[in-house]
Amino acid sequence: MNTSQPNNPKPGLVKNLLVLAVIGLLAALTLTGVHQLTEQRIVDETQRRALASLQQVLPPEAYNNALIDDYFTARIAGLSGAATIYRARFDGTPVAILADVVTDQGYSGDIRLLIAVDVSGQVRSVRILDHRETPGLGDKIERERSEWITQFAKRSLGDPPRAAWESDQRQGAFDTLSSATITSSAVIRAIRDVLVWYQNEQDEIYALRSEAGDGQIEAKDGRE
Amino acid sequence: MTHNHPTIWRNGLWDNNPGVVQLLGLCPLLAVTNSAINGIGLGLATLLVLVLSNLAVSATRRWLQPEIRIPIFVLIIASLVTVVDLLMQAWLAELSQTLGIFIPLIVTNCTILARAEAFASRQPMARSLSDGLAQGLGFALVLIALGAGRELLGQGTLMADAHLLLGDWAQSLELRLMPADWGLLLAVLPPGAFIGLGLLVALHQRIQRSQQPMNENPADGSSQAIDAT
Amino acid sequence: MQLTLSGPPHFPPINTVGGIMRQVLFALIPALVAHCWFFGWGILFQLALAVGFALAFEAVMLRLRGKPLQPFISDYSAVVTAVLFALCVPPLAPWWISLTGMLFAIVIAKHLYGGLGSNLFNPTMVGLAAVIIAFPIDLSQWLAPRSLSPGLPGLAETLRAILTGQLPASLNWDTLSQATPLDALRTGVAENRMVTEIRANPIFGDFGGRGWEWIANFYLLGGLYLIWRRVISWHVPVAVLATTIIVSTPMWLLGPDVNPSPLQHIFSGALVIAAFFIATDPVSGCSTLRGKLVFGAGVALLTLAIRRFGGYPDGVAFAVLLMNMLAPLIDRLTTPRAYGHPR
């Protein structure tokens, strides 16, 4: 093989250090260059994705404020951890809230949902952001896998009455995914809890100061 | 050992394929291959890193003493993976999101270190380029075969979500070969990856044996000592 | 090569593969009759389908591997695999459940690993695990047992349901089906109801699930027959049942509201059939006596853990497969010292 193998270790050491330094420097330069090149695009992409995930439940034409920056955190009875509430407004008039909440009542672990509630207290749309339910059973809560999650649109606490916000396997008003009663029920109750919270707090929700810049978004990821 | 270009290609693509013979880089191989496009995405990213690292190692090989060889390899590979990761985050954001942690984890794919150590550090650049391409393509082909097979069995489609990699025009590439309801859920779940890879390895051995019944000599012993991740 | 020998008692000399398998089939007859009584005709069709697919795959694979059809096809091993599988799937499961299950059991678990005697995993459990993961909904739709059902589906309706995968218009799942006792328990505990309260549900019988407990009793009977005929040794079943009792009793005593009783554990789901008929598989299980005890204990522990924490209601299939992987290691660590040899 053509690797040179000098017998004298002393000059080898210096040479080795030099080679290490040069290659390290080259690597650092390359990385700095690529970082400069991509930094802005990556930030933009991250923003775009966060917004796109919110826009699953609220079309972009429905609001014109900076949705991503108009939020606060709240504790909602029945749900685990702190929920992030985004507020959509059109020319300053409240349109809807988008609640990013987590329920721990799923069949295997937490389910994270995004729930849009109109000013009137009506559900606009619901999507599942994250879950670990059994494939083929509980994962039908995802919009990509079934229509089930769309049944909540335009429903509110009066329609059906609060007590009937349950799966029909438990004498409630909503369809149940077959063989996934626990999962279905967890989602239905999470929506109900958000609606109840909204009803109790609606006078203050749109008046609260936004927490943008407080670093709450990071804190949210760390919760259980 | 002869290292002419045809042998190098034959080794990478078949005789000493990283996926089904050396069984290297199994973690990403099993984790992301639930669709053909994921397989292609990770396959190309790995190929790119492998080719560049082989070239870089081969180009610097005359200055690399045994004492600093491994740190240098790690430095080179880690930098290249970071570069690929950043580029994908910037220009292939959706795909990068789907592949997730497995792009940064290319750095732990033993194939790359194995080729740097066993081949590129001893061979001139042209052959190292050849070797990187051959091994990378061999790995990518296994990823694609496994991804396509699982996607077909599990969802009845091929090349679904191709626009994540190729841009919007590629949405028409999606091919539906059977109704989604017929899909075998098992195929797209993790057990399907293990069973699928097992079947691919078995198939490879079956063909290998029927071709050269008495040839006991493994094709390229140089990199077989390095264990799978 | 190192040969591993168990101490006495050795198998009595009647044992050809076919002989053992026939004994196993005899031992399953009482449970089969009970199954038929509680859950209707479905099991008979499941049996016919599974045996048919199993023999067909067996024949194809023997041909592909260049082996003679005789004596392998008539050694009943494929039949036993199929019968055990049929007993574990819901009676109205559509035909493709059997097809998929037998494909994985006979083709992949048995023949791709080298045929009977070389299979690392128990074929029945591979087939069952495959269909549990692939068709979770079909696998969770059990009929309500006879005494609770408004009327089990008739012969023709059963056949139609199995062939088309859809219930005839006259029937519907909501009235026919019932969560299995294990499912009901898990669901109930998840919403903070007490076990005693959950057990008021009529699907629960005296100690297990209604109907289920009787079938389990007949498995027990069949298993005891096999032990008496020395087809299986007592070690594995005893280890499975004893471990289940030892582990679940303290939990039940400490928290009777959230933990099911040991009897509940044993008499629901597939624990008893696994203890006597599946974990005792001489090929994929352990062969040393101490190894068998460890193997059985492992199956029971994993089953309890999966029932409590897993994503699927009954974990027996997964537990057996996981222990199958450990079996060679357990055998190696428990090989008795040969007389005169140092360790």
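Residues numbered from 1 in each chain as written. Chains lettered and ligands numbered in written order. Predicted model: local features only at pLDDT ≥ 70, side-chain atom pairs only at ≥ 80, totals over all residues. Heavy atoms only, no water.

This next bit is on the interface of chain B and chain C. The accessible area lost on association of the parts is a frequent measure of interface size. Listed per partner, the contact involves 7 residues of chain B and 9 residues of chain C. Between chain B and chain C the total buried area reaches about 620 Å² when both faces are included, carbon and sulfur atoms providing 88% of it. Of all residues in chain B, Leu184, Leu185 and Leu186 of chain B give up the largest surface area on contact with chain C, accounting jointly for 57% of the area buried on that side. Counting the contacts that link chain B with chain C gives 0 salt bridges. Connecting chain B to chain C are 0 residue pairs in polar contact (both at pLDDT 80 or more). Of all the secondary structure elements, the ones that give two or more residues to the side of chain B that touches chain C are helix H9 (185-188) and helix H10 (190-211) of chain B. With 3 residues, H10 of chain B is the single largest residue contributor to the side of chain B that touches chain C. Residues of the side of chain B that touches chain C, tallied by class, amount to 7 nonpolar, no polar and no charged. (Contact = heavy atoms within 4.5 Å. Buried area = accessible area lost by both parts, 1.4 Å probe. Salt bridge = Lys/Arg side-chain N within 4 Å of Asp/Glu carboxyl O. Polar contact = N/O pair within 3.5 Å; in protein donor to acceptor, adjacent residues only side chain to side chain. Helix = DSSP H or I, 4+ residues; strand = E, 2+ residues; numbered from the N terminus. Nonpolar A, V, L, I, M, F, W, Y, C, P; charged D, E, K, R; others polar.)

A separate point is the side chain of glutamate 166 of chain A. Tracing the chain through its elements places glutamate 166 of chain A in the loop between strand S5 (123-130) and helix H2 (181-205). A distance of 3.2 Å separates a polar atom in the side chain of glutamate 166 of chain A from a polar atom in the side chain of serine 185 of chain A.

Our next topic: the interface of chain B and chain A. Taken together, the 27 residues of chain B in the interface contact 26 residues of chain A. Here chain B and chain A share an interface that buries about 2400 Å² over both sides, 67% of which is from carbon and sulfur atoms. It is Gln65, Leu86 and Trp91 of chain B in chain B that bury the most area against chain A; as a group they hold 20% of the surface buried on that side. In this structure, arginine 48 of chain A and glutamate 94 of chain B form a salt bridge, with 3.2 Å as the shortest nitrogen-oxygen distance.

Our focus in this paragraph is the packing of helix H1 (residues 17-39) of chain C against helix H2 (residues 42-64) of chain C. All names here are of chain C. Closest axis-to-axis distance for the H1/H2 pair is 8 Å, and the angle between their directions is 130°. It follows from the interaxial angle that H1 and H2 lie oblique. Together, Leu32, His35 and Cys36 of H1 and Ile43, Leu44 and Leu47 of H2 make up the contact between the two elements. (Axes fitted to C-alpha atoms, helices over the stretch in contact; angles between N-to-C directions. Parallel < 35°, antiparallel > 145°, perpendicular 65-115°, else oblique.)

Looking now at the pattern of salt bridges. Close approach of charged atoms lets side chains of opposite charge pair. Per the stated rule, a full pass over the model turns up 18 salt bridges over all chains. One connected set of salt bridges, linked through shared partners, spans Arg41, Glu45 and Arg48 of chain A together with Glu94 of chain B.

Residue and element names in this part refer to chain A. Relative to the helices and strands, phenylalanine 152 resides in the loop between S5 and H2. With 106 residues separating them in the primary sequence, phenylalanine 152 and threonine 46 have C-alpha atoms 29 Å apart. Excluding residues that lie within four positions of it along the chain, phenylalanine 152 makes contacts with Val123, Val126, Trp165, Phe174, Val187, Ile188 and Ile191.

All names here are of chain B. Tracing the backbone shows leucine 164 in helix H8 (residues 163-166). Note: C-alpha distance between leucine 164 and isoleucine 37 (127 residues apart in sequence) is 8.2 Å. Apart from the residues within four sequence positions on either side, leucine 164 is in contact with Leu92, Glu94, Leu95 and Thr98.

As a further point, take the domain arrangement of chain A. Residues and elements named next belong to chain A. Once the domains are mapped, chain A shows domain 1 (7-55) and domain 2 (60-221). Computed from C-alpha atoms alone, the centre-to-centre distance between domain 1 and domain 2 is 41 Å. In this complex, domain 1 contributes 6 residues to the contact, which on the side of domain 2 involves 8 residues. For the pair domain 1 and domain 2, the summed buried area comes to about 570 Å², and 75% of that belongs to carbon and sulfur atoms. When the area that domain 1 buries against domain 2 is broken down by residue, the three leading residues are Leu51, Leu54 and Gln55, summing to 75%. Where domain 1 packs against domain 2, one counts 1 residue pair in polar contact (both at pLDDT 80 or more). In terms of residue class, the side of domain 1 that touches domain 2 is built from 3 nonpolar, 3 polar and no charged. (Domains from an automatic or database assignment.)

The next subject is the nonpolar core. Buried together is how nonpolar side chains tend to be arranged in soluble globular proteins. Of all hydrophobic cores here, the largest spans 96 residues; its most connected members are Leu128, Tyr219 and Phe277 of chain C. Residue contributions to this core peak at 11 residues, all from H1 of chain C. In this structure tyrosine 219 of chain C touches Leu28, Ala31, Leu87, Val272, Ile273, Phe276 and Phe277 of chain C, once residues within four positions along its chain are discounted. Core analysis: the second largest hydrophobic core is formed by 43 residues, Ile23 of chain A together with Val20, Leu99 and Ile106 of chain B among them. (Core = buried A, V, L, I, M, F, W, Y, C linked by side-chain atoms within 4.5 Å. Buried < 20%, exposed > 50% of the residue type's maximum accessible area, 1.4 Å probe, protein only.)

All names here are of chain A. Strand order in this open sheet of 5 strands is S1-S2-S3-S4-S5, and the pairing throughout is antiparallel. Only two strands of the sheet have a single neighbouring strand rather than two, namely strand S1 (71-75) and S5. Direction aside, the axes of adjacent strands within the sheet are offset by 25° on average. Taken together, the 6 bridges between strand S4 (residues 109-118) and S5 define a ladder with antiparallel strand orientation. (Pairing = 2+ DSSP bridges.)

This next bit is on the pairing of strand S3 (residues 93-106) of chain A. All names here are of chain A. Among the 14 residues of S3, 10 are classified as buried, and the element is accordingly described as predominantly covered. Across 8 bridges, strand S2 (residues 80-90) lies against S3 in antiparallel orientation. Its bridge partner lying in S3, threonine 84 is registered against aspartate 100. Connecting S2 to the antiparallel partner S3 that follows it, the hairpin turn spans 2 residues, and aspartate 91 within it adopts a positive phi of roughly 50°.

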